[in-house]
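Now for the letters of each chain:
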Amino acid sequence: MNISDRIFEKMNEIQMSQKEFSEKTGILQSTISEWKKRHTNPSSDKIMIICSVLGVTPEWLLSGTDTEEGYRNRIDWFVINRDSEVGQIIEAYSQMDPKLRQRLMGYLEALNESGKPGDER
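The structure reproduced in this document is the subject of the present report. Remember, predicted model here, so these are calculated numbers, not experimental data. (Residues numbered from 1 in each chain as written. Predicted model: local features only at pLDDT ≥ 70, side-chain atom pairs only at ≥ 80, totals over all residues. Heavy atoms only, no water.)

**Some remarks on the packing of helix H1 (residues 3–13) against helix H3 (residues 29–38)**
And step 1. Two numbers describe how H1 lies on H3: the axes approach to 9 Å, and their chain directions differ by 110°. The orientation of H1 relative to H3 falls into the category roughly perpendicular. Where H1 crosses over H3, the handedness of that crossing is left-handed. Taking contact as the criterion, the partners of Ser4, Ile7 and Phe8 in H1 are, on H3, Ile32, Trp35 and Lys36.
And step 2. A per-class count over the contact of H1 with H3 returns four nonpolar, one polar and one charged. (Axes fitted to C-alpha atoms, helices over the stretch in contact; angles between N-to-C directions. Helix = DSSP H or I, 4+ residues; strand = E, 2+ residues; numbered from the N terminus. Parallel < 35°, antiparallel > 145°, perpendicular 65-115°, else oblique. Left-handed = near helix turned anticlockwise from the far one by under 90°. Contact = heavy atoms within 4.5 Å. Nonpolar A, V, L, I, M, F, W, Y, C, P; charged D, E, K, R; others polar.)

Here it is in structure tokens:
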């Protein structure tokens, strides 16, 4: 499902016509019709007004997930700040030799298993 599919899904859910959506967002009805007909998405400068009018978060509109309601769809990627601790770990991992990566993954699996409740190591 793409962004425009989610827009039309939400409009249908809240029973908002294309005309009403157009009036509230300031987006031409012809543009909205093109999204539907060609399965294209709105330009990025329209995202926030669309979210406001539909009462959704940008995260939901862009990815179909919403942290407030829990994940509706599993996403297969993360956005991480390169300067964060996790970003630094990923940077170091990406520079490792493949054999070291395998070894590290083994350590992580063992640590994860040892940290589960009921494990008295």
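Once the structure has been displayed, the description carries forward.
**Re the packing of aromatic side chains**
And step 1. Evaluated as defined, the whole model comprises zero aromatic pairs.
And step 2. Geometry around phenylalanine 8 places lysine 36 over its ring, the cationic atom sitting 5.0 Å from the centre.
And step 3. Here the guanidinium or amino end of arginine 101 rests over the ring plane of tyrosine 93, the centre of that ring lying 4.8 Å away. (Phe/Tyr/Trp six-rings, centres within 6.5 Å; stacked < 30°, edge-to-face > 60°. Lys NZ or Arg CZ within 6 Å of the ring centre and 35° of its normal.)

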